Structure formats: C-alpha cells, structure tokens
Amino acid sequence: MTQDEMKFAVAQEALKYVVKDTIIGVGTGSTANFFIDALATMKGDIKGCVASSVATAERLEGHGIKVFDLNEVEAISVYIDGADESDDGLNLIKGGGGALTREKIVAAVADKFVCIADESKLVKVMGNFPLPVEVIPMAANYVMHQITRRIGGTPFIRENFTTDNGNLILDVEGLKITDAKTMETEIDSIIGVVTNGLFANRGANVLLLGTPNGVKVVGT
C-alpha cells in the first residue's frame, strides 16, 4: 500500500468513532483531509464540526458540512486529527501544518481524541520530526535563546509562514524527547510562547495506524 492508501484506510476506520447527532472536532493536514472527505459520506448523521484551521473549515464547508465556532458549542464528542510523530505512550508531535494552537484547543475540549496516521509516524523516541513552537512575533529571538538554553535542540523560524493566529512558528531540531509531558510544560512556560506541538498532557486516547496489512489500533 502507498502512504496515501494507508491514510485513506485510517480515515475510513475513524468514521467508526464518530458519535452520531453530536458536534465533532476535525484537525488539519493531509490525513485529516482524507477524513473530511470520508466524513462527507455521513454528514447527515452529525450536527456539524469545529475546525482546527481556516483550511479545514473551508474543506468541511465545501462538502456541505456545518462548521461551528468553538464558542458556540458546549461539548465536542470526539476530535479526529493526524500527527507528525507518536510514541508508544500516545504522546504526539503535531504542528507540521502550523495549526497546533487551534488543534490543541479543540483537542482539550473533546471527550475523546482519535489520532489517525500511517505506521511511519510511530517511533520509539520522538524528536526526529522538528518540534513546532508557535510564538508571538516580537518574542521570536528571545524564545529561541530560551529553548536552546533550557531545552536544547536548535530552533529555526519557519520561513514565509504565518499561523491563522498571526504568529510565527519555530521548528526545533535535534531533540530526543523522553519525557514529553515535562518538556511540553517547560516550553509553554517561556514568555512569548503561545503553545508547542507536544500533545502529551492531553495526548491521544486512540491511535489508528495505517499499515500494509490493514489498520492497527493502539489504545482504547
């Protein structure tokens, strides 16, 4: 199976976790796009979605799926999104597409977080994928120095990119993340950081991995 075929398979499997007659959260990225396309086949079964990015909202609306502002809803039954890396503890690195802050907010509200990815995303130690950190623009240099001093790794400003929130992304290379929860908290404590791409204090409940032999389910 190709990588796209594995993404298609996990997107189809994720439909089983959609709670009918509720509002669900939908993530951002190539795997999430496969899920949005699959969700269109059962759009009449849900009240609508909360989107984690402008791009996701546009894709949902293109399929005729109602999109709610998060402030309009009281609950989200499930959040379905991809990841750039996951470890065996269902800690994630997200933010390759730059939507990490809104993704983290929607995930925090959701009762359940279902992560969908191909098998290449599951690793023993995260950090090979650069860790995204969203920062207020005026704080970028300060945050880079603080990350290097307190966390290690080498941060770079993502070129020609601005988040939906009007901020910059730092991509931190050269990390070996063995305690994701502590690192997530430490980075978020730096003044000027909006949030970082570690989803550990609120990690995934279920990881659906696309493999050449079908979809592997990790978690419950």
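A brief structural summary. (Residues numbered from 1 in each chain as written. Predicted model: local features only at pLDDT ≥ 70, side-chain atom pairs only at ≥ 80, totals over all residues. Heavy atoms only, no water.)

This part takes up the packing of aromatic side chains. Scanning the model with the defined rule gives 2 aromatic pairs in all. Between Tyr 79 and Phe 113, the aromatic rings sit 5.1 Å apart at their centres with planes inclined by 50 degrees, giving tilted as the arrangement. Of this pair, Tyr 79 sits in strand β4 (residues 79-81) while Phe 113 sits in strand β7 (residues 113-118), and the two are 34 residues apart along the sequence. One aromatic cluster is present, formed by Tyr 79, Phe 113 and Phe 199 through successive ring pairs. Over the ring of Phe 68 we find Lys 66; its NZ or CZ atom is 4.9 Å from the centre of that ring. A cation over a ring is seen here: Lys 104 above Phe 199, with NZ or CZ 5.1 Å from the ring centre. (Phe/Tyr/Trp six-rings, centres within 6.5 Å; stacked < 30°, edge-to-face > 60°. Helix = DSSP H or I, 4+ residues; strand = E, 2+ residues; numbered from the N terminus. Lys NZ or Arg CZ within 6 Å of the ring centre and 35° of its normal.)

The next subject is the sheet that holds strand β10 (residues 168-173). Pairing within the open sheet is antiparallel, and its 4 strands lie in the order β9-β10-β8-β11. The sheet terminates laterally at β9 (154-157) and β11 (193-196), the two strands that pair on one side only. Strand after strand, the sheet turns through a mean of 25 degrees between neighbouring axes, direction not considered. Bridge count between β9 and β10: 4 bridges; the pairing is antiparallel. Following the sheet pairing, Phe 156 is matched in β10 by Asp 171. Set on the sheet, helix α5 (residues 140-150) makes contact with β8 (131-135), β9, β10 and β11; between it and β10 the angle comes to about 20 degrees. Running over the sheet, helix α6 (residues 180-188) touches β8 and β11 and is turned about 165 degrees from β11. (Pairing = 2+ DSSP bridges. Axes fitted to C-alpha atoms, helices over the stretch in contact; angles between N-to-C directions. Contact = heavy atoms within 4.5 Å.)

On the secondary structure map, Arg 158 appears in the loop between β9 and β10. A polar side-chain atom of Arg 158 sits 2.8 Å from a polar atom in the side chain of Asp 171. Discounting chain neighbours no more than four positions away, the residues touching Arg 158 are Gly 95, Gly 96, Gly 97, Gly 98, Pro 132, Ile 169 and Asp 171. (Polar contact = N/O pair within 3.5 Å; in protein donor to acceptor, adjacent residues only side chain to side chain.)

Right, let's get into a nonpolar patch on the surface. On the surface, a cluster of nonpolar side chains totalling about 310 Å² of accessible area is made up of Ile 136, Met 138 and Val 194. Among the structural elements, Met 138 can be located in the loop between β8 and α5. (Patch = residues over 30% accessible without salt bridge, like charges linked within 9 Å, V, L, I, M, F, W, Y side chains within 5 Å. Areas by Shrake-Rupley, 256 points an atom, 1.4 Å probe, with all protein chains shown as cover. Salt bridge = Lys/Arg side-chain N within 4 Å of Asp/Glu carboxyl O.)

Let us now look at the state of the cysteines. In the structure shown here, the tally under the stated rule is 0 disulfides. Not engaged in a disulfide, the cysteine Cys 49 finds its nearest cysteine sulfur in Cys 115; these two sulfurs lie 17 Å apart. (Disulfide = S-S within 2.5 Å.)

What follows concerns the sheet that holds strand β2 (residues 48-51). Strands sit in the order β3-β2-β1-β4-β7-β13-β14 across an open sheet of 7 strands; the sheet is mixed. Where the open sheet ends on each side, the last strands, each with one partner, are β3 (67-68) and β14 (214-219). In this structure, β4 lies alongside β7, joined through 3 bridges in parallel fashion. What sits directly across from Ile 80, in β7, is Val 114. Against the sheet, helix α2 (residues 30-39) engages β1 (23-26), β2, β4 and β7, with an angle of about 150 degrees to β1. Against the sheet, helix α4 (residues 100-109) makes contact with β1, β2, β4 and β7, and its axis sits at roughly 145 degrees relative to β4, the strand it touches most.

Quick look at the packing of α2 against helix α3 (residues 54-62) now. At a minimum axis separation of 9 Å, α2 and α3 run at an interaxial angle of 25 degrees. Here α2 is positioned roughly parallel relative to α3, judged by the angle of their axes. For the pair α2 and α3, the crossing hand works out as right-handed. Judged by residue contacts, Asn 33, Ile 36, Asp 37 and Leu 39 of α2 engage Thr 56, Arg 59 and Leu 60 from α3. Here the residues of the contact of α2 with α3 sort into 3 nonpolar, 2 polar and 2 charged. (Parallel < 35°, antiparallel > 145°, perpendicular 65-115°, else oblique. Left-handed = near helix turned anticlockwise from the far one by under 90°. Nonpolar A, V, L, I, M, F, W, Y, C, P; charged D, E, K, R; others polar.)

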